[in-house]
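Observations on chain architecture
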There are 2 protein chains.
Amino acid sequence: MEDDSNISELLAARGIRLTRQREKILAILLQQRDHPTASEVYERAKQKMPSISLATVYNSLEALARNGLLKQVNVDRAPTRFCANLEDHSHFFCERCGAIYDVEAAAAQLGNLPPGFVVFHADVALKGLCSTCSDLNV
Amino acid sequence: MEDDSNISELLAARGIRLTRQREKILAILLQQRDHPTASEVYERAKQKMPSISLATVYNSLEALARNGLLKQVNVDRAPTRFCANLEDHSHFFCERCGAIYDVEAAAAQLGNLPPGFVVFHADVALKGLCSTCSDLNV
DNA sequence: CTAGGTGCAAAAGGTTTGCGGTTAA
DNA sequence: TTAACCGCAAACCTTTTGCACCTAG
């Protein structure tokens with residue numbers, strides 16, 4: 001890992017430790033940016049760290065997300081997926097193959113809100129077909 | 001209920017029955033438009049129909065949603081909420097009190113998508129403070 | 001040294017399902 | 001009449017938690 005010191009400082013500033021498990025989990029998310037679920041992260045982590053537990057994967061993902069090193073991505077009721085892309089972006093959900101893609105951030109044009117309502121974020125979730133699946137559609 | 005015949009036909013066309021339970025559940029959603037969870041619908045339904053089961057509430061909500069009479073609303077990992085407003089609209093989630101409001105549909109201005117990607121829907125979820133909660137903020 | 005983390009197993013919480021009896025159409 | 005549905009209880013799946021041991025800082 002290239003910038004552990006960076007991560008370490010980031011976490012230390014919040015009284016949170018950089019453990020081997022968290023390091024590995026973060027590396028997995030950085031390496032293969034396919035928005036894996038906790039179970040998928042667990043399966044990948046076990047290959048190099050067979051003693052890691054699923055509970056630790058859940059706890060670590062939560063800790064990393066809470067400290068801004070990961071983002072959680074939820075689609076309907078499906079298992080939460082994780083994303084190491086910290087830049088402003090939107091998610092595209094392919095309705096055929098279920099894959100999630102990071103795409104250029106979409107802006108929301110708000111309609112009229114009732115008086116007194118204050119918007120902090122507007123999350124845009126795109127649903128459709130990815131290039132592979134729209135090809136199959138012909 | 002005023003237009004059961006309408007609903008009945010809608011469902012019949014899909015080989016789905018309009019039962020007393022489904023009728024009641026739909027009436028609950030139409031009457032109090034606060035986006036209740038399945039459990040909340042169950043509690044309300046039990047008052048007039050004490051023998052109804054939670055499983056039936058879940059199954060009925062699912063059947064009604066699958067047939068376009070209800071919409072499901074998911075926020076993060078919280079229990080699914082249900083919405084009888086079939087018109088085009090967006091949802092506003094109050095981060096303080098947790099309430100969900102229907103608001104005027106927000107439009108999404110898509111960024112550039114990779115070639116071959118086709119967007120069917122762009123769901124915009126607004127998060128912030130509702131008028132009651134932003135007042136408390138002063 | 002010690003607060004915070006790990007692994008394990010058990011529990012929680014929402015949702016779905018199998019089954020025998022019931023009912024809308 | 002009969003396929004679809006109901007109520008009940010058990011199962012399912014993801015996620016969280018309690019606890020004894022361990023380790024990063």
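Source: prediction; values computed, not measured.

1. As for the protein's contact with DNA strand D
The immediate surroundings of DNA strand D are formed by 20 residues, with A:Y58, B:R17, B:T19, B:R22 and B:T56 found nearest. Contact distances for DNA strand D include 2.9 Å between a sugar or linking oxygen and a side-chain N or O atom of B:Q21. Residue B:R77 places a side-chain N or O atom 3.4 Å away from a phosphate oxygen belonging to DNA strand D. For the surface near DNA strand D, the secondary-structure elements that each account for two or more residues are α4 (54–66) of chain A together with α2 (20–31) and α4 (54–66) of chain B. The dominant element in the surface near DNA strand D, judged by the number of residues it contributes, is α4(A), at four residues.

2. Digging into the protein's contact with DNA strand C
Surrounding DNA strand C, one finds 21 residues, the nearest of these being A:R17, A:T19, A:R22, A:T56 and B:Y58. Sugar plus phosphate, as a fraction of atoms of DNA strand C within 4 Å of the protein: 68%. A distance of 2.6 Å is found between a phosphate oxygen of DNA strand C and a side-chain nitrogen or oxygen belonging to A:T56. Measuring from a sugar or linking oxygen of DNA strand C, one finds a side-chain N or O atom of A:R77 at 3.3 Å. For the surface near DNA strand C, the elements supplying multiple residues, two or more each, are α2 (20–31) and α4 of chain A together with α4 of chain B. Class assignment of the residues belonging to the surface near DNA strand C gives a composition of seven nonpolar, ten polar and four charged.

3. Describing the interface of chain A and chain B
By a frequent convention, interface size equals the accessible area lost on bringing the separate parts together. Listed as interface residues are 39 residues of chain A and, on the opposing side, 39 residues of chain B. Area buried by chain A at its contact with chain B is led by A:R77, A:Q109 and A:F117, which between them contribute 20% of it. In this structure, the connection of chain A to chain B is made through zero salt bridges. Counting across the chain A and chain B interface gives 19 residue pairs in polar contact (both at pLDDT 80 or more).

Analysis parameters
- Residues numbered from 1 in each chain as written.
- Chains lettered and ligands numbered in written order.
- Predicted model: local features only at pLDDT ≥ 70, side-chain atom pairs only at ≥ 80, totals over all residues.
- Heavy atoms only, no water.
- Near = heavy atom within 4 Å.
- Polar contact = N/O pair within 3.5 Å; in protein donor to acceptor, adjacent residues only side chain to side chain.
- Helix = DSSP H or I, 4+ residues; strand = E, 2+ residues; numbered from the N terminus.
- Nonpolar A, V, L, I, M, F, W, Y, C, P; charged D, E, K, R; others polar.
- Contact = heavy atoms within 4.5 Å.
- Buried area = accessible area lost by both parts, 1.4 Å probe.
- Salt bridge = Lys/Arg side-chain N within 4 Å of Asp/Glu carboxyl O.

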